[in-house]
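Coordinate analysis (summary)
In case you want the letters, here they are:
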Amino acid sequence: MKKIITACLLLLNISFANAQNADALIKKVKAKLEQVNDYVAEAKMKTDVAFIKAPIGKVKVYYKKPNRLKIVKDKGISILPKGGISMNTSSILGMANCTTIDAGEAVVSGIKTKVIKLLPTDDNSEIIITTLYIDEANSLIKKSATTTRENGSFEMEMFYNTYANLGLPDKMIFSFNVKDYKMPKGVTLDFDDDMKPEEKAKLKHKKGKVEFTYTSYTINKGVADSMFK
Amino acid sequence: MYTLFKVELYKIFKRPRTYIAFAAMTALITIIQLGLKVDGKEYIEFVLGDLSNTLQVDGKLCNGYFVCFCILNLLLIHVPLLIALIAADMISGEANMGTLRLLLSKPITRTQFVVAKFLAATVYTLLLLVWIAFLALFVSIFIFGTDDIFLVKNNYAVQIASNDIMWRYLGAFFFAALAMVTVAAVAFFLSQFAENSIGPIVATMSIIIVFTIFSTMSIPLFNKIKPFMFTTHMVAWKEFFDVRVNADNESIAGSIQRPDKIINSALILIAHIVGLVSLSAYFLKKKDILS
Amino acid sequence: MPEIINVEGLCKTFGKLQAVNNLSFTVNEGDVYGFLGQNGAGKSTTIRMLLTLIAPTSGKVELFGKSLLTHRKEILAQIGAMIERPDLYKYLSAYDNLKIFAKLSGCKVSEQLLMNQLEVVGLADRAKDKVKGFSQGMKQRLGIAIALIHNPALVILDEPTNGLDPQGIADIRKLIINLSKEQKKTVMVSSHLLNEIEQVATRILIIDKGKKIIEGTKQELLDPNQTVVEIESSNNGNTYQLLSNSSWASHLQPITNNIVSLTLNKNQIPSLHRNLVEMNIDIYSLQQRHSLEDYFLKVTKGNYVHTV
């Protein structure tokens, strides 16, 4: 995942003229996000993978321009997609070397959005395509969907309220593909397997989600570089 | 009967054999702890297996709670041998030493004799479990610290918050005690049919091994008889480490996925204990003491 | 004399084996009751039935005038028993072994009581030693201490001299006499060896194959005029010849198993002895046997070990 993001960051540096409207919109969004140099956010993190039963955990999210992001759980175990989550809206927009395509409009969570596709120009890029769904009126990214060569696709959906003017979401849902759960019996030493097949089926072929509900942001008060080591 | 019970306890804790079990437990648990201290990371990777292809589980996975769970998972299969070592000797050992005829010609009824002896074996079993709890849980916490526990099961994985674990261990150890007392009851029951302890010890272990095979193998024929095997119910302590989730797939703190299973298994084990001890009293009452 | 043990029509079968067959006998207060029979005659089975270790197939057992079935606890509290030689708890000391059984016998246990009892059986100096290192004789003595610790009215000793050396056998003999004469206890003692029983018993019961053969007082069973003397010499054939030509001819019994035996009065033995010396016969041994022994030999088909 980290590789994907790094690739994206490099690729998205180039913007293209044939998507001027789209470019303009992205610039607008970017400008909004530029207001934030750094933040520390407290959030509730909920991992929702069908075959994992996990409690809600409290995390701190540290961000610093241009694209440094770190999630810290002071206590407890966190279950994240492989490679971790090191992305937010600003880091996506920080990317370069992409072809920007206007792909029309769509409705996300009842809000009309502009769909913009970003295609990396590098053929060897891990990312095949990233689609952004942007709320034009408020210059906010509502959703992003990324397809990769190796690791399937993942999506980020954002919900804004308090810090909408800074482009910071109150809630972010990170969705990703997970493989079906398989555990050899010898490992668990469990004797009985009395789950009904339909119960088992429920645990399969589902997307995994990590949901962040931000409870507070401390914005532009400075974050030490040492946080990101 | 209280005198007899005290005398039985005195005998148990005066014999060297008793302390073999405590020493063996100490050695085994220390070895596991040492192993996990040195190679805990590799073990965690092994346990996570396939999961780590899509997920990244961060945090102090190899913590005291997890280590204790591993120890219980591994050891509760072997502890029965140590229980049998004493329980299977309770009557057969007396026959072997020629003291059974001495005891039974004292003014004590045979039922009192059986109950007092079984209670003494139970006290030994419980003390062994307290010792295991101390080593496996508290010493592990001291060595590895605490954190959430992350456990893989047959069909899913469970994460339980660190502040929601202690009471589960309390329940688990209570249940394990019940399971081990059942083993003691089996060994004790067999004990009266022999004149030395080897036979009943081997017989108890054979029963546990065979029953465990039945319980472990998912063959339709075996599945039908599984519910009747006490070994199937002995592992129900693990149910304390499965939580319910709400509609949003959030685990509910303080919940147990299948409390009915724990209660059901506990009742079956209690029925075994009562049944086996009653049968022991019944057979011993009818028995001619020829040793 | 009150009856301490009263057994009527006692039977016990193990599968097809009739171990005890319609046995009846009575032990009175103050008796030293000798219970005699070969190994496997049913002595131990009978004793175990008296102690509720074996359930009788049929028959009545009363002790101290009460049925054993209905007054088990009460009766057992008054009995001290040693059945064969117990190994005891090897990992415990003599003192601890004694303490355990004293408690179970309902004694008020005190160190003084226990040490006194160990003193009686000569184990006081080994009190704190583990039984593991004890000889058979010491275990036997400890077994007796255990049987007597609660001062029982009836003492039952099953084969108490088994596996003991001559000194040990003599000690047991002395102890039995002491229990009876000094402590006024009723004693029942079983053995497969006649000479042990006849030296201590006041009444004797002989059983074979679970059946009573004869029961009576020692006086009834042992008539001193019927003493049999066995002589073993360098040449038994020659000895027989010499004696048959002497004044002893009328006492002489047919030679069997190459042993010369004579039936005579006990006070004739010294003069027989003198005559044998005068006849220049090299005597290896001259043993005195009673008619009871002959009887015992007869009923037990002579298959027993003769000890001095």
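Preceding this section is the structure that the text describes.
No experiment lies behind these values; they were computed from the predicted model shown. (Residues numbered from 1 in each chain as written. Chains lettered and ligands numbered in written order. Predicted model: local features only at pLDDT ≥ 70, side-chain atom pairs only at ≥ 80, totals over all residues. Heavy atoms only, no water.)

With respect to the overall build of chain A
Secondary structure assignment for chain A yields five helices and twelve strands. Taken over 229 residues, chain A has a buried fraction of 52%. Accessible area of chain A: about 10,900 Å², with a carbon and sulfur share of 50%. (Helix = DSSP H or I, 4+ residues; strand = E, 2+ residues; numbered from the N terminus. Buried < 20%, exposed > 50% of the residue type's maximum accessible area, 1.4 Å probe, protein only. Areas by Shrake-Rupley, 256 points an atom, 1.4 Å probe, with all protein chains shown as cover.)

Details of the interface of chain A and chain B
Frequently, the measure chosen for interface size is the accessible area that the parts lose on association. With 42 residues of chain A in contact, the opposing surface of chain B contributes 52 residues. Of the roughly 4,100 Å² buried between chain A and chain B, counting both surfaces, carbon and sulfur atoms make up 52%. The interface formed by chain A and chain B includes two salt bridges. The residue B:Glu250 makes a salt bridge to A:Lys46 at a minimum N-O spacing of 3.7 Å. Elements that contribute at least two residues to the side of chain A that touches chain B include exactly strand 1 (38–48), strand 2 (52–53), strand 5 (78–81), strand 11 (171–177) and helix 4 (185–188) of chain A. Of the residues forming the side of chain A that touches chain B, the biggest block, four residues, is contributed by strand 5 of chain A. Broken down by class, the residue content of the side of chain A that touches chain B amounts to 20 nonpolar, seven polar and 15 charged. Sheet topology note: the strand 2 of chain A/strand 3 (residues 157–160) of chain B ladder contains two bridges and is parallel. Residue A:Lys53 lies in a different strand from strand 3 of chain B, and its bridge partner there is B:Val158. (Contact = heavy atoms within 4.5 Å. Buried area = accessible area lost by both parts, 1.4 Å probe. Salt bridge = Lys/Arg side-chain N within 4 Å of Asp/Glu carboxyl O. Nonpolar A, V, L, I, M, F, W, Y, C, P; charged D, E, K, R; others polar. Pairing = 2+ DSSP bridges.)

Overview of the interface of chain B and chain C
Taken together, the contact pairs 29 residues of chain B with 31 residues of chain C. For the pair chain B and chain C, the summed buried area comes to about 2,700 Å², and 61% of that belongs to carbon and sulfur atoms. Ranking the residues of chain B by area buried against chain C places B:Arg101, B:Lys106 and B:Pro107 at the top, with a combined share of 24%. In this structure, the connection of chain B to chain C is made through two salt bridges. The shortest N-O distance in the salt bridge between C:Lys12 and B:Asp288 comes to 2.7 Å.

Focus: the nonpolar core
Ranked by size, the top nonpolar core spans 231 residues in total, and within it B:Phe150 and B:Tyr169 carry the most contacts. Sorting elements by how many residues they give to this core places helix 8 (residues 166–191) of chain B first, with 17 residues. Those residues in contact with B:Phe150, other than ones at most four positions away along the chain, are A:Ile52, A:Ile77, A:Ile79, B:Leu48, B:Leu51, B:Val57, B:Leu61, B:Phe66, B:Ala157, B:Val158 and B:Gln159. With twelve residues, the next largest nonpolar core counts C:Trp248, C:Val260, C:Leu264 and C:Leu276 among its residues. (Core = buried A, V, L, I, M, F, W, Y, C linked by side-chain atoms within 4.5 Å.)

Things to note about the pairing of strand 1 (residues 55–58) of chain B
Here strand 1 of chain B shows one buried face, formed by B:Leu55 and B:Val57, and one open face, formed by B:Gln56 and B:Asp58. Across four bridges, strand 5 of chain A lies against strand 1 of chain B in antiparallel orientation. Counterpart to A:Pro81 in the pairing with strand 1 of chain B is B:Leu55.

Notes on the pattern of salt bridges
Residues and elements named next belong to chain B. Considering all chains together, one arrives at 26 salt bridges over all chains under this definition. For aspartate 89, the salt bridge identified is with arginine 15, shortest N-O distance 2.6 Å. Residue aspartate 89 is located in the loop between helix 4 (79–87) and helix 5 (92–97), and its partner arginine 15 is located in the loop between helix 1 (2–14) and helix 2 (16–48); the two are separated by 74 residues in the primary sequence. Across the pair, exposure class does not vary: aspartate 89 and arginine 15 are buried alike. Residues glutamate 239 and lysine 261 are paired through a salt bridge, measuring 3.2 Å at the closest nitrogen-oxygen approach. Here lysine 261 lies in helix 12 (residues 259–286) and glutamate 239 lies in the loop between helix 11 (230–234) and helix 12, a separation of 22 residues in the sequence. Judged by relative accessible area, which is 14%, lysine 261 ranks as buried.

Re the sheet that holds strand 2 of chain A
Ordered in space as 2(A)-3(B)-2(B), the three strands form an open sheet in which the pairing is mixed. For this open sheet the edge positions go to strand 2 of chain A together with strand 2 (149–152) of chain B, each flanked by a neighbour on one side alone.

Considering the state of the cysteines
The final tally for this structure, using the stated rule, is zero disulfides over all chains. With no disulfide partner, B:Cys62 has as its closest neighbouring cysteine sulfur the one in B:Cys70, 7.2 Å distant. (Disulfide = S-S within 2.5 Å.)

Here we look at the sheet that holds strand 9 (residues 203–208) of chain C
Residue and element names in this part refer to chain C. Taken together, six strands build an open sheet; the order of strands is 6-7-8-3-9-10 and the sheet is mixed. Only two strands of the sheet have a single neighbouring strand rather than two, namely strand 6 (79–83) and strand 10 (211–217). For this sheet, the mean angle separating the axes of adjacent strands, direction not counted, is 10°. The strands touched by helix 5 (residues 136–148) within the sheet are strand 6 and strand 7 (154–158), with strand 6 carrying the most contacts at an inclination of about 160°. Here helix 6 (residues 166–181) sits on the sheet in contact with strand 3 (32–36), strand 7 and strand 8 (186–191), set at roughly 155° to strand 8. (Axes fitted to C-alpha atoms, helices over the stretch in contact; angles between N-to-C directions.)

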